[in-house]
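So the chains spell out like this:
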Amino acid sequence: MSSTSDALFDTLKQGLADIDQRGLRRRRRTADSACAAHMTVDARAIIGFASNDYLGLAAHEKLRAALAEGAERYGAGSGGSHLLGGHSRAHAQLEDDLAAFSGGFVDNPRALYFSTGYMANLAVLTTLSGRGTLVFSDSLNHASLIDGVRLSRAEVQIYPHADMAALDAMLDASSGEAATKVIVTDTVFSMDGDIAPLARLVELAERHGAWLVVDDAHGFGVLGPQGRGALAHAALRSPHLVYVGTLGKAAGVAGAFVIAHETAIEWLVQRARPYIFTTASPPAVAHAVSASIRIIGSEEGDARREHLAALIETTRAMLRRTRWLPVDSHTAVQPLVIGGNDDTLALAAALDAKGLWVPAIRPPTVPAGTSRLRISLSASHSDGDLALLGDALHALSERQS
Ligand SMILES: *Cc1c(COP(=O)(O)O)cnc(C)c1O
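Residues numbered from 1 in each chain as written. Predicted model: local features only at pLDDT ≥ 70, side-chain atom pairs only at ≥ 80, totals over all residues. Heavy atoms only, no water.

By the naming in an unreviewed UniProt entry, the protein is 8-amino-7-oxononanoate synthase, taken from Caballeronia telluris. The UniProt entry for the protein carries the following text under Subunit (unreviewed entry): "Homodimer." Under the UniProt heading Function (unreviewed entry), the entry covering the protein gives this text: "Catalyzes the decarboxylative condensation of pimeloyl-[acyl-carrier protein] and L-alanine to produce 8-amino-7-oxononanoate (AON), [acyl-carrier protein], and carbon dioxide." (UniProt positions renumbered as here; feature names shortened; annotations may be inferred.)

(A) Fine view of the overall build of the protein. Helix and strand content of the protein: 15 helices and 14 strands. The globule rule puts the C-alpha radius of gyration for 401 residues at 21 Å, and the 22 Å found for the protein is close to it. Seen through its principal axes, the protein has C-alpha atoms that stretch 60 × 60 × 50 Å. Long-range pairs, those at least 24 residues apart, make up 70% of the contacts in the protein between residues at least 6 apart in sequence. Across the protein, the mean location of the 36 positive side-chain charges is 4 Å away from that of the 43 negative side-chain charges. (Helix = DSSP H or I, 4+ residues; strand = E, 2+ residues; numbered from the N terminus. Rg over C-alpha atoms; globule rule 2.2 N^0.38 Å. Contact = heavy atoms within 4.5 Å. Lys, Arg positive; Asp, Glu negative; His and termini not counted. Charge placed at Lys NZ, Arg CZ, Asp CG, Glu CD.)

(B) Spotlight on the UniProt feature "modified residue: N6-(pyridoxal phosphate)lysine" (unreviewed entry) in the protein. Within this numbering scheme, the UniProt entry marks K249 as carrying the feature "modified residue: N6-(pyridoxal phosphate)lysine" (unreviewed entry). Its place among the elements puts K249 in the loop between β8 (241-246) and β9 (256-261). Exposure remark for K249: the relative accessible area of 17% places this residue in the buried category. (Buried < 20%, exposed > 50% of the residue type's maximum accessible area, 1.4 Å probe, protein only.)

(C) Representation of the site of the ligand in the model. Around the ligand sit 14 residues in total, of which G117, Y118, D215, H218 and K249 are the nearest. In the model, an oxygen atom of the ligand is placed 2.7 Å from a nitrogen or oxygen of the G117 main chain. K249 has a polar side-chain atom sitting 2.5 Å from an oxygen atom of the ligand. Relative to its free-state accessible area of 380 Å², the ligand is covered by the protein chains to the extent of 80%. Considering every element that reaches the shell around the ligand, the biggest residue donor is helix α5 (residues 117-128), with 3 residues. Taken together, the residues of the shell around the ligand break down into 2 nonpolar, 9 polar and 3 charged. (Near = heavy atom within 4 Å. Polar contact = N/O pair within 3.5 Å; in protein donor to acceptor, adjacent residues only side chain to side chain. Areas by Shrake-Rupley, 256 points an atom, 1.4 Å probe, with all protein chains shown as cover. Nonpolar A, V, L, I, M, F, W, Y, C, P; charged D, E, K, R; others polar.)

(D) How the structure looks around the nonpolar core. By size, the foremost hydrophobic cluster in this structure holds 80 residues, and its most contacted members are I183, L389 and L393. Here this core gathers at least three residues from each of two domains, domain 1 (28-59 + 299-400) and domain 2 (61-296). Among the nonpolar cores identified, the runner-up in size contains 26 residues, and V149, A154, V258 and A272 belong to it. (Core = buried A, V, L, I, M, F, W, Y, C linked by side-chain atoms within 4.5 Å. Domains from an automatic or database assignment.)

(E) Summary view of helix α10 (residues 262-271). Of all the positions in α10, only A264, I265, L268 and V269 are classed as buried. With its buried residues spanning 145° around the axis, α10 presents them on a single face. Opposite its buried face, α10 presents the exposed residues T263 and R271, each directed more than 90 degrees away. Buried residues belonging to α10 abut α3 (82-86), β3 (109-114), α5, β7 (210-215), β9 and α11 (273-276). (Arc of directions from axis to C-beta.)

(F) View of the sheet that holds strand β12 (residues 356-357). Pairing is mixed in the open sheet, where 3 strands are placed in the order β1-β2-β12. In this open sheet, the two strands that pair with only one neighbour each are β1 (38-41) and β12. Bridge analysis of β1 against strand β2 (residues 44-48) gives 4 bridges, and the strand direction is antiparallel. Directly across from T40, in β2, lies its bridge partner A45. (Pairing = 2+ DSSP bridges.)

Take a look at the structure:
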């Protein structure tokens, strides 16, 4: 008879015990309220510095209303995949809105909407690359990009983080090979908050005839004029660019999109298994995202970005006054590197005791020995919220030194 004491379960239990021993057990918190600066989590009132809701739109009145209106118009579910009946007017409209909003980096831009950024990255990498393709990947790229490369079966060369001389040399060394080349990078690195050298990357992609896939999960809505994203921020243009943006972070809803020249997008529609073999997300969600894009591009969006920029500067000054190591980030992701897993967890727990939720980020999300607190700022934070965090960090920094 099978039971949970059999060999299969013993293996899992040993694995879990090992996770515990290394201080790597992850626990979920359960939110009892909408995502906002002030939330109820596990039935306690806290100030959250954990979300990617950078503009504070996740609980916005207009987005709640748009979601309800979308559900009224289109129902709850899409009913099928995009190629087999699930593609609605709301999805089509959103794709037009996104191409017009963030497609300025290429002629004939077209957007393709996905239910998640993870799937969008799998789709892009498995359709632009395959056996015989050479992929050049930044060493700190997001897990979804790494998994996309793996699934593509392409050969991968990892260049040291943001090291353009090393990337140039790798591209040179591979120049005899006829293979398609793809360079892939985060724009804003999700655990460090720094921005990739995008102008140099575009130059290298052009010179070496490579695609350049950029994942702007943490830039879309925040960076650039009207929040149009990292490519608009750097005023870059190239037909080799393939842009991935996500819609569950600054946009406050869910989903993701790819923008590229219409030919590249049509190739994705025909070939991307993570696009074809999955149910289209609820049309109401797409309807709400269209409303979010309107807010992002409006004066209200500008005001939210301005407030966020001020919070970022305050945080940078505040982190420099602790005994730990801030990462030089000018984005809403403000990491404080503590080092060991246990120390990082202890610090997160001490903040939690003061009603401040700052997640501890540990391997494999970040390299071993660089465990950190990841302070994530949002336009929904007040100056007072940040002052509370600053005071708490200051007190803990004194105590533990
Ligand atoms: C969050 C994130 C993704 C995944 O997007 P989802 O919509 O959450 O699946 C992809 N890339 C980066 C860099 C991210 O931070």
